[in-house]
Amino acid sequence: MQRIGLFGGSFNPIHNGHLHLAKAAKEAGTGQGRADPGKCLAVQTGVRRHASGADRLAMCRLAAETLSFCEVDSCELERSGVSYTVDTVRLFRERYPEAELVLLVGSDMFLSFTRWHCWQEILEMAALGVVSRMTGDLEQLRRQQAFLLQYGKIFLCDVPVYTVSSTKIRENRKNHTDFSCYLPQKVVQYIVSHNLYD
């Protein structure tokens, strides 16, 4: 069965931490209890702060060039009105009816998952692939996993933490501090050439 990872975010800008999450899920292996998407779809949210949807989409496509299994989907940018994760999962459930969908999330999003709109329906349609973004939170993640397993599949990817945020990158850019180590080189070049976040 084909397994597809869905990776959503504002990607404002997309950075190495985002790519680490996708790679971590991919490299976790294919055995039972592993996320390992055959391909990963980066789905960009429609938020309009800091950079336009077109700029963020362009940066996502440049970043995706560094991961052979990653593609970029603009469905949320094209959707009018409020867009919820459940709407996106429904779309891909219709698009890939035979595939196993794995929604990739960081630990911060996972721990707040029961506050998401229609979260139980999400787990009926897709598994969750969780990658920690904080050192020392594994026990907390396991407790949340134990609770949510009654509703669906939860994969925990126990990999080294990669700490970086889009907010930090934007602050560095605004303060004329180097930020190039946090991003693929083509994304850095795009930010500079298009005068983003300064």
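Quick caveat: nothing in here was measured; it's all calculated off a predicted structure. (Residues numbered from 1 in each chain as written. Predicted model: local features only at pLDDT ≥ 70, side-chain atom pairs only at ≥ 80, totals over all residues. Heavy atoms only, no water.)

Undergrad: So what exactly am I meant to see when it comes to helix α2 (residues 53–64) here?
TA: Think of an α-helix as 3.6 residues a turn; residues three or four steps apart then line up on the same face. If you check α2, its first and last C-alpha atoms are 16 Å apart, about what twelve residues at 1.5 Å a residue would give, namely 16 Å. On the buried face of α2, the contacting elements are α1 (16–27), β2 (39–44), β3 (70–73), α3 (75–78) and α9 (185–193). (Helix = DSSP H or I, 4+ residues; strand = E, 2+ residues; numbered from the N terminus. Expected span 1.5 Å × (residues − 1). Contact = heavy atoms within 4.5 Å.)

Undergrad: So what exactly am I meant to see when it comes to the packing of aromatic side chains here?
TA: Remark: the centre distance and the inter-plane angle together describe each pair of aromatic rings, the angle taken between the planes. Taken as a whole, this structure holds six aromatic pairs when the rule is applied. Each ring, one from Phe-92 and one from Tyr-96, has its centre 6.3 Å from the other, and the planes form 10°; the classification is stacked. In this structure Phe-92 comes out as buried when scored by relative accessible area, which is 0%. Here Phe-113 and Trp-119 contribute two aromatic rings whose centre-to-centre distance is 6.1 Å and whose plane-to-plane angle is 70°, an arrangement assigned as edge-to-face. A single burial state applies to Phe-113 and to Trp-119, both of which are buried. Ring pairing ties together the aromatic residues Phe-113, Trp-116, Trp-119, Phe-147 and Tyr-151, which thus form one cluster. (Phe/Tyr/Trp six-rings, centres within 6.5 Å; stacked < 30°, edge-to-face > 60°. Buried < 20%, exposed > 50% of the residue type's maximum accessible area, 1.4 Å probe, protein only.)

Undergrad: Can you walk me through the pairing of strand β1 (residues 3–9) in this structure?
TA: In terms of burial, β1 is largely enclosed, as six of its seven residues are buried. Looking at chain direction, β1 and strand β4 (residues 100–106) are connected through four bridges and run parallel. Within β4, the position partnered with Ile-4 by the bridge is Leu-101. Direction of pairing for β1 relative to β2: parallel, over a ladder of six bridges. Across the sheet, the residue bridging to Gly-9 is Gln-44, located in β2. (Pairing = 2+ DSSP bridges.)

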